[in-house]
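Fold and geometry: a report
Below are the chains, spelled out letter by letter.
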Amino acid sequence: MLRTVRWGGIGRHALLEFGVSAFAIAVVGALWAGDALAAAYPERAITIIVPFQPAGASDSLGRVLSKPLTEALGKSVIIENRPGAGGNIGIGAAARAKPDGYTLLLTSSVVVVNPSLYKQAGFDPMKDFAPISDCGASPNVIATRADSGINSIAEMIALARSKPDLLNYSSGGIGVTPHLGMELFKSRAKINVTHVPYPGGGPAILAILSAATQVGSVNILGLMQHVSAGTIRVLVQTGRERWSELPNVPTMAEAGFPNTESETFVAMLAPAGTPQEIIDRLANETNAILRRPESRETLKLMGFGVIAGEPAVLRARIAREVPMWKDVIEKASIKVE
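Residues numbered from 1 in each chain as written. Predicted model: local features only at pLDDT ≥ 70, side-chain atom pairs only at ≥ 80, totals over all residues. Heavy atoms only, no water.

Once that is clear, we can look at empty space enclosed by the protein. If you walk through the whole model with that rule in mind, you get 1 cavity of 30 Å³ or more. One number sums up the size of the largest cavity: a volume of about 200 Å³. Lining the largest cavity are 23 residues, and of these Ala57, Ser108, Gly172, Gly201 and Asn219 lie nearest its centre. Split into classes, the residues belonging to the lining of the largest cavity amount to 9 nonpolar, 13 polar and 1 charged. (1 Å grid on protein atoms, 1.4 Å probe; cavity = no way out; pocket = protein on both sides within 12 Å on 5 of 7 lines; lining within 4 Å. Points joined across faces, edges and corners; volume = space filled by probe spheres on them. Nonpolar A, V, L, I, M, F, W, Y, C, P; charged D, E, K, R; others polar.)

Here's what the structure looks like:
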């Protein structure tokens, strides 16, 4: 029979007498608090940080997800663009956010690239984040304005070789996969094309449209509307297979440069320590939206191939790509302070 115990000097001994340790009570209390938090979630608006300016790959996907996520969760889901430092400002802000499910991160491949690219990226993709969804990926492309006079990747190579200081190219920033992929291609093709980094994929595309750069190495997401309008010509794409919406555009391998593939993935993450129940709900709701036929079709037209991978899938991708891009960066001697 239980007897009343005085909480004080004898409290610990009394608890042990009944076979209950203070540690066990603390654990149960923490679990109860986590369950209560998850059960009530969400109680207010959720912010998804996109670490780039509008119109890039991450932002475009965020705009597709925000409304249906708002409907599914019953609270507003707000996209907040925090560009700067190649994505480090926004990613770092998300890493330092309270792990309660109200601040999330929707980012491109820079999350696995920047720790090797910057001396102080300000985050560790494995330690600072809890994976939610490997949303999907899309190939990068080398493109030019439709009236540039460059009609194929072979013509661009020939022009770069005949006039080594003529061409420049835009990308969404130093160290993004379009930049790294272009540098890999340049080394394989033995050409010089000057890199002009912009703060995100949207501005990099605008640089092509305005002829601020003769060509651009950008992700296909956000580009397709300009291709369909006939204002941008895609010369080559970097996926392993031809993209269904660009059936006449060759892959790097078909253009004569095998083993030069690269793609941009977009993933959703939460700060490390976010309750698992919240992670699971966000993963389920996000992936269910991505798997909807209308979502797939919308994203396909934008140039995005849906994966809708569970947290374990994203965790495996991060573990695989961090060392992969580290090797590319070291071999190309790319570094940002």
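The structure having been displayed, the exposition proceeds.
Within the largest apolar cluster, 32 residues are counted, with the highest numbers of intra-cluster contacts made by Leu61 and Met268. Secondary-structure elements contributing two or more residues to this core are strand S1 (46-50), helix H3 (57-73), strand S2 (77-81), strand S3 (103-107), strand S4 (129-145), strand S9 (263-271), helix H10 (276-290) and strand S10 (305-309). Once you skip the residues sitting within four places of it in the chain, Leu61 turns out to touch Leu106, Cys135, Val266, Leu290, Leu299 and Phe304. Counting 28 residues, the second-largest nonpolar core is a separate cluster that includes Ala93, Val110, Phe129 and Ile318. (Core = buried A, V, L, I, M, F, W, Y, C linked by side-chain atoms within 4.5 Å. Buried < 20%, exposed > 50% of the residue type's maximum accessible area, 1.4 Å probe, protein only. Helix = DSSP H or I, 4+ residues; strand = E, 2+ residues; numbered from the N terminus. Contact = heavy atoms within 4.5 Å.)

For the rest of this paragraph, the subject is the pattern of salt bridges. Charged atoms that come close allow side chains of opposite charge to pair. For the structure on display, the rule yields 13 salt bridges. Across the pair Glu263 and Arg317 runs a salt bridge whose closest N-O atoms are separated by 3.5 Å. Separated by 54 residues along the polypeptide, Glu263 in strand S9 and Arg317 in helix H12 (residues 311-332) bring together distant segments of the chain. The exposure class of Glu263 is partly exposed, given its relative accessible area of 33%. Because the salt bridges share partners, they merge into one network encompassing Asp134, Glu263, Arg317 and Glu321. (Salt bridge = Lys/Arg side-chain N within 4 Å of Asp/Glu carboxyl O.)

For strand S8 (residues 232-237), a buried count of 5 out of 6 residues is recorded, marking the element as mostly surrounded by other parts of the structure. Bridge analysis of S4 against S8 gives 5 bridges, and the strand direction is antiparallel. In the sheet register, Thr144 faces S8, and the bridge partner there is Arg233. (Pairing = 2+ DSSP bridges.)

Contact geometry for H3 and H10: axes closest at 10 Å, N-to-C directions at 120 degrees. By the angle class used here, H3 and H10 are oblique. The way H3 lies across H10 gives a crossing that is right-handed. Facing H3, whose interface residues are Leu61, Leu65, Pro68, Leu69, Ala72 and Leu73, H10 presents Arg281, Leu282, Glu285, Thr286, Ile289 and Leu290. Looking at the contact of H3 with H10 residue by residue, the classes come out as 9 nonpolar, 1 polar and 2 charged. (Axes fitted to C-alpha atoms, helices over the stretch in contact; angles between N-to-C directions. Parallel < 35°, antiparallel > 145°, perpendicular 65-115°, else oblique. Left-handed = near helix turned anticlockwise from the far one by under 90°.)

The next thing to look at is the packing of H3 against helix H11 (residues 293-302). One can describe the packing of H3 onto H11 by two numbers: an axis separation of 11 Å at closest approach and a directional angle of 160 degrees. Regarding the angle of H3 to H11, the classification is roughly antiparallel. Of the two possible hands of crossing, H3 and H11 adopt the one that is right-handed. Seen from H3, the contacting residues are Ser60, Leu61 and Val64; seen from H11, they are Thr298, Leu299 and Met302. Class assignment of the residues belonging to the contact of H3 with H11 gives a composition of 4 nonpolar, 2 polar and no charged.

Spatial relationships are all this shows, so hold off on functional conclusions.
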